[in-house]
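Secondary and tertiary structure notes
Each chain, letter by letter, is given below.
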Amino acid sequence: MEVVVVVLFLVPSVFSRLTARDYCVLGAGPGGLQIATFLKEAGRDYIVFERNQGPGSFFNSLPRHRKLISINKRFTGRANKEFNFRHDWNSLLSGDERLRFYHYSHDFFPHADDMVRYLQNFSSALNVHYGREIKNVRMKSDPEAWHGQYFVLEDQTGREDLCNVLLVATGLSLANQLRFPGEEYAEGYETISTDPSDFMGQSVLILGRGNSAFETADNILGSTNFIHMIGRSRVRLSWSTHYVGDLRAVNDGLLDTYQLKSLDGLLEGDLSDLALIRDDSGKLHVTHKLYLEKDMNPASNQSNHTMKSASMLLRDDLDNFAAREPYDRVIRCLGWKFDFSIFDKSVRLKPYSGLKRKYPSLKSNYETKHSQGLFVVGTAGHGMDFRKSAGGFIHGFRYTARAVHRVMENRYHNIPWPSTHYAMSQLLNVLLRRINEASGLYQMFEFLVDVILLGVDSTTFEYLEEVPVGTIPTVDKSTGRKVYDTGV
């Protein structure tokens, strides 16, 4: 009698589980590459997900007219590297001197293609997976996860990855758009033609009055009949406000033509109150939405904003409305905002309120307020210091990324914040040197600070550089350094 033995191999469920990464980084722009560099140097398990086929894809098409407004100051007359970083607004932090941006461009305001080339070289040794567009991020409870929950990242193919810590460096990727009648007639800055001949003999209205708006105007000044620009507030000039994100002098040509009475004009008004109407010839008229006579289509409940007569604009004429002449083009230049749509509600990623609502809401250590282990680095972390410091730009967020890395090293690997020890007699020398040289404090003023911890007998001190100011009340916990009660 022949005996047939059937052997069943039961695969334990543990082998079918996804392997969890320690750190996942979303985005291979400057912010993502900067934090990835620190993770690599520390020997951590990390991966960077980038939806495009190369790093820094934002700079492939933006800014539209290809001139960066981050200065590339190659010469300072000083040999001190730390001091020179104060005036190098494009280099990421690296121990490799070859990865300084001035090797890639000699222009004071570099071409965006030079930034793309720089980021390609900077990323060459990093673990970046291109073509992986993360479409959904959710939380999954698991006792083995560092915080009791994994971040589950699902890409465009349905593939999933698990992470203990998620570092979001996706920047501000969505163009701001306002809802108003006739908004469909406005063209977006992100797609507008950059060929001045396409605007030959045209009258143009630009919505917004930031750098993208003025950059667009400068490009077409010599081709248009006139340019009007409308915004809700007066023009803020960076040399006056000391905020790098305000209008830079390199883009302000329209201010000359406006002030010298050469047809161009600046208007002030709430953009949400306007309405655009297109007449039979294709010209665009601007009016207040309260003046708009809507022809409702009962079947579709849609408004028809094609003007059948000029009567609805007569009230604007009587008010001597500055924009009563029709326009050939209306261009929307309203900036950018963070994309919250890929985050499941279980992640609890929320925006700030008010003017900062385009940014995710963060704690002082750049961790989100409602989810442990979720940090925001790069431009998207600028909500912390919006309109105050340089955290929305490379020369600012390279330092906040380093601070985030040091926070994680202490929390997850018991490696305290780097420090140096000195005799108390050296205190004045140390302070003077830092005041004269420090680049991180120079760019991220008010938000990164140096900390002096007195020794147990007050004859020595410990010096910690560039600590987020909001973490000072719990500095011992956030840095892993002992704080002594010296009675001083």
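Structure shown above.
Notes on the structure in this doc start here.

Each value, and the rule that gives it
Residues numbered from 1 in each chain as written. Predicted model: local features only at pLDDT ≥ 70, side-chain atom pairs only at ≥ 80, totals over all residues. Heavy atoms only, no water. Helix = DSSP H or I, 4+ residues; strand = E, 2+ residues; numbered from the N terminus. Buried < 20%, exposed > 50% of the residue type's maximum accessible area, 1.4 Å probe, protein only. Polar contact = N/O pair within 3.5 Å; in protein donor to acceptor, adjacent residues only side chain to side chain. Contact = heavy atoms within 4.5 Å. Core = buried A, V, L, I, M, F, W, Y, C linked by side-chain atoms within 4.5 Å. Salt bridge = Lys/Arg side-chain N within 4 Å of Asp/Glu carboxyl O.

Let us now look at the environment of Asp-195. With respect to the helices and strands, the residue Asp-195 is situated in the loop between strand E8 (187–188) and strand E9 (203–207). Given a relative accessible area of 35%, Asp-195 falls into the partly exposed group. C-alpha separation for the pair Asp-195 and Ser-223, spaced 28 residues apart in sequence, amounts to 9.9 Å.

By the secondary structure assignment, Arg-138 is in strand E4 (residues 134–141). Linking Arg-138 and Val-347, residues 209 residues apart in sequence, is a C-alpha distance of 5.7 Å. Here Glu-160 takes part through its side chain, which lies 3.0 Å from a polar atom of the side chain of Arg-138.

Relative to the assigned elements, Gln-443 resides in helix H12 (residues 440–443). Accessibility expressed as a relative area gives 7% for Gln-443, which makes it buried. Among the polar contacts listed, one links the side chain of Gln-443 to the backbone oxygen of Arg-86, at a separation of 2.5 Å. Those residues in contact with Gln-443 that sit more than four places away from it in its chain are Arg-86, Trp-89, Ser-389, Ala-390, His-395 and Tyr-399.

Attention now goes to the nonpolar core. Core analysis: the largest hydrophobic core is formed by 99 residues, its most contacted members being Leu-26, Val-137, Leu-153, Leu-166, Leu-167, Phe-343 and Met-408. Among the elements that line this core, the one with the most residues is helix H10 (residues 394–413), at nine residues. Those residues within four positions of Val-137 in sequence are excluded, and the remaining contacts are Leu-26, Phe-151, Val-152, Leu-153, Leu-166, Ile-342, Phe-343, Asp-344 and Val-347. Ranked by size, the runner-up nonpolar core spans 16 residues in total, among them Tyr-185, Ala-186, Leu-207 and Leu-267.

The full count for this structure, using the stated rule, is 27 salt bridges. Look at the salt bridges and you will find they share partners, linking Arg-402, Arg-434, Asp-450, Glu-465 and Glu-466 into a network.

Another point: unusual backbone geometry. Backbone torsion omega between Leu-62 and Pro-63 reads -5°, so that peptide bond is classified as cis. Here Pro-63 is to be found in the loop between helix H3 (58–61) and helix H4 (81–85). The backbone of Arg-387 shows a phi angle near 65°, a positive value even though the residue is not glycine. Looking at the secondary structure, you find Arg-387 in the loop between strand E18 (374–376) and H10. Arg-387 sits in the partly exposed class, given a relative accessible area of 28%. Positive phi outside glycine occurs at Glu-446, with the angle close to 80°. Inspection of the secondary structure puts Glu-446 in the loop between H12 and strand E20 (448–454). Judged by its relative accessible area of 56%, Glu-446 falls in the exposed class.

Scope: geometric values only; no functional claims are made or implied.
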